[in-house]
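Listed below are the residues making up each chain.
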Amino acid sequence: MPSPLFADRPAPRPHERDTVEALITQTRRLRGDVDAVRRDTAADEDDDALWRWQRALCDLAVHQLDDLGAQLDQLKAGRPDGVGSGPVADARGPQAAPPAHGRPRPAAPGAAPPGRVGSAEWNLLTDEVSWSDELYAIFGRPPGTGPLTLDELPSLVHPDDQPLLTQIVTDCLIDGKPIDGEFRVVRADGRIRTVHMRGEPVLDPGGCTASMWAVLRDISELRQGERLVRETRDRLRQEEQLARTEHRIATEVQEAVLPSWRGSAQLPRGGPAVLDLAARQLPAACPTAVGGDWYDALELPGGDTLLTVGELTGQGVATASSMAMLLGALRGMAVAGIEPGALLGHLGQLIDRAERPVLGGVLCSRFHPPTATFSWAQAGHPAPLLFRDGTGCALTPADGVLLGATSGAVYEQAEIRLLPGDLLVLHTDGLTCEGDAAGRDRLLALAPHLAGVSTAQEGAAVVAGAFAGAERLDGASVMVARLRG
């Protein structure tokens, strides 16, 4: 950088070399640390927008540190050859260097990489112009073509930015204002680079502007990095807003199709045997994850009661909509008198013909009050757990594959006769967040606690409390049915 400043300000003392060396070392170390963070930023398949924004921030930080390192290297190298000397600088004191003529000599070893930071001086008294080699690289001009005068400089500037350059140069020459602005340069190869220009006028002993010096920095990568950060940040915000909207809609769909009762219910509402029912939904670890799990209980024509729990793969509005469609069909067929095993076969055919393929685990059951018979079938779903006389066991599973896994699947049906005081636990697969056997064992271990409950509501609280802290990927549903004595 050339040394002359405003005539009314003293020239700064040279930077201590060891201080600059220390800054260069710190910058290089920090650059390496940031680059390591960038390499370690793993792609997130579930949140690609967030990953792109994080990478853009790391890239921008690396560009800024590269620029800082280049400027410190140039500061360490000292004044660029061929710039900052001449009659005006000579008039400022004996420390000024002799005039330099002709094309600037190559930059000193250790100077900034070509095309990043360059400097220039325009002498208004002698019409002499001097450019550093770096400035030729920034403008894409061979050094042999010589430097451009202030009148010629706008010819390399983007037409939209020429008025800005003219204004800041005029303010500097006439009003003595410092130069601080950026503009786009159109190189001979057609590439457009963004340049930041800083400089000041140099006054002669009479207070008139004798020359102007400037340092020009190629900030194209910096501005490109900033644009990328803004674009990825905006895209991230849009996706977050979309996710919030989808979460709200999915929650509304789920709330709309689940039973109107939220605490407990007694079904059927009359008859020789009544089930005391209670249900809970346990949220996923991610608060925005709304899946396709459900529970349902419905009094059927003739006095039977439909009990079902299930879940579909996936999350969001589409999954919630598929769940609503499936649950509606299940209710309709149950009202029509179709038994659980045959009902699941019809649901499988419905899924096979759906435009959006899904997989579903479903437990469908029917309680017949006159005989206290519990008939059930399952499609790739955990079997009901029966707690009786202080002990628990899993009912022997009836054969059945996931809905949507294969066409034409047949589902077996099993049944058991309940006794007064018996308690059934029906739950979706995501309740335990463990393998089938381990999760089942944890549930069966609750038998001593469930033996003392007098209502299904108390039983549901025991089960939900035992698994409330689990880190589950999807939400879960659990329904407790107790045969009143």
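Residue indices begin from 1 for each chain and proceed along its sequence in written order. Local features in this predicted model are restricted to residues of pLDDT 70 or higher, and side-chain atom pairs are both shown and tallied only at a pLDDT of 80 or more, whereas totals for entire chains, interfaces and linings draw on every residue. Side-chain measures here rest on the full set of heavy atoms in the structure, leaving out hydrogens and waters.

## Some points on the overall build of the protein chain
Okay, step 1: Under the DSSP-based scheme used, a helix requires at least four consecutive residues in state H or I and a strand at least two consecutive residues in state E, with every element numbered from the N terminus. On a plain count of helices and strands, the protein chain comes out with 11 helices and 16 strands.
Okay, step 2: Burial status follows relative accessibility: with a 1.4 Å probe on protein chains alone, a residue under 20% of its type maximum counts as buried, one over 50% as exposed, and anything between as partly exposed. Every one of the 485 residues in the protein chain was classed for burial, and the buried ones make up 45%.
Okay, step 3: Summarising the internal contacts of the protein chain: among those between residues at least 6 apart in sequence, 65% fall at separations of at least 24.
Okay, step 4: Of the accessible surface of the protein chain, which amounts to about 23,500 Å², a share of 53% is contributed by carbon and sulfur atoms. Whether two residues are in contact is decided by their heavy atoms, any of which lying within 4.5 Å being enough. Every accessible area reported is derived by Shrake-Rupley at a probe size of 1.4 Å, with residue values counting cover from the shown protein chains alone.

## A word on the sheet that holds strand β6 (residues 264-267)
Okay, step 1: Whether two strands pair comes down to DSSP finding at least two bridges between them. One open sheet accounts for six strands, arranged β6-β7-β16-β15-β12-β13; its pairing is antiparallel. Both edges of this open sheet fall to β6 and β13 (391-394), since each of them pairs with a single strand only. Across the sheet, the mean angle from the axis of one strand to that of its neighbour is 20°, orientation sign disregarded.
Okay, step 2: As defined by bridge partners, strand β7 (residues 275-282) adjoins strand β16 (residues 476-483) across eight bridges and the pair is classed as antiparallel. Bridge assignment links leucine 275 to a residue of β16, and that residue is leucine 483.
Okay, step 3: A fitted line through C-alpha atoms serves as each axis, taken over the contacting stretch for helices, and the angle formed by two N-to-C directions is quoted from 0 to 180°. On top of the sheet, helix α11 (residues 456-466) reaches β6, β7, β15 (423-427) and β16; it is set at about 25° to β7, its chief contact.

## Focus: the pairing of strand β1 (residues 117-123)
Regular strands have side chains that alternate between both faces of the sheet.
Okay, step 1: The element β1 is extensively covered by neighbouring structure, given that seven of its seven residues are classed as buried.
Okay, step 2: Neither face of β1 is exposed, since Val117, Ser119, Glu121 and Asn123 on one face and Gly118, Ala120 and Trp122 on the opposite face are all buried.
Okay, step 3: Bridge count between β1 and strand β5 (residues 209-218): seven bridges; the pairing is antiparallel. Each residue of the ladder has a partner; that of alanine 120, found in β5, is alanine 214.
Okay, step 4: Sheet topology places β1 next to strand β2 (residues 129-131); three bridges connect them, and they run antiparallel. Looking at β2, one finds that glutamate 121 is bridged to serine 130.
Okay, step 5: Linking two consecutive strands that pair antiparallel, namely β1 and β2, is a turn of five residues; a positive phi of about 60° is found at aspartate 127 within it.

## Let's talk about the packing of aromatic side chains
Centre-to-centre distance and the angle between the planes together describe a pair of aromatic rings.
Okay, step 1: Working definition: rings of Phe, Tyr and Trp (its six-membered ring) pair if their centres are within 6.5 Å, and the pair is stacked with planes under 30 degrees apart, edge-to-face with planes over 60 apart, and tilted otherwise. For the structure shown, the criterion picks out two aromatic pairs.
Okay, step 2: Chaining the aromatic ring pairs together yields one cluster made of Trp131, Tyr136 and Phe139.

## Observations concerning the pattern of salt bridges
Okay, step 1: Here, a salt bridge means any Lys or Arg side-chain nitrogen found within 4 Å of an Asp or Glu carboxyl oxygen. The final tally for this structure, using the stated rule, is 17 salt bridges.
Okay, step 2: Aspartate 66 is the salt-bridge partner of arginine 31, the closest N and O atoms lying 2.9 Å from each other. Residue arginine 31 is located in helix α1 (residues 17-40), and its partner aspartate 66 is located in helix α2 (residues 48-77); the two are separated by 35 residues in the primary sequence.
Okay, step 3: A residue is classified by how much of its surface remains accessible, and arginine 31, at 25% relative accessible area, is partly exposed.
Okay, step 4: Its salt-bridge partner being glutamate 252, residue arginine 248 comes within 3.5 Å of it at the nearest N-O pair. Within this pair, arginine 248 and its partner glutamate 252 are both found in helix α6 (residues 220-257), separated by four residues, close to a single helical turn.
Okay, step 5: Each of Arg31, Asp35, Arg39 and Asp66 takes part in salt bridges that share partners, so that together they form one network.

## A word on the pairing of strand β8 (residues 294-299)
Okay, step 1: Sheet topology places β8 next to strand β9 (residues 305-312); six bridges connect them, and they run antiparallel. Considered in β9, the bridge of leucine 298 is made with leucine 306.
Okay, step 2: Linkage of β8 to β9, two consecutive antiparallel strands, is achieved through a turn of five residues, within which glycine 302 is found at a positive phi near 95°.

## Details of the nonpolar core
Okay, step 1: Only buried Ala, Val, Leu, Ile, Met, Phe, Trp, Tyr and Cys residues count toward a nonpolar core, and they belong to the same one when joined by side-chain atoms within 4.5 Å. Grouped together as the largest cluster of nonpolar side chains are 48 residues, with contacts concentrated most on Leu307 and Met479.
Okay, step 2: Top contributing element to this core by residue count: helix α7 (residues 317-335), with six residues.
Okay, step 3: Excluding anything up to four places from it in sequence, leucine 307 contacts Leu275, Leu277, Asp296, Ala297, Leu363, Cys364, Ser365, Phe374, Leu426, Met479 and Ala481.
Okay, step 4: Counting 25 residues, the second-largest nonpolar core is a separate cluster that includes Ile138, Cys172, Phe183 and Met197.

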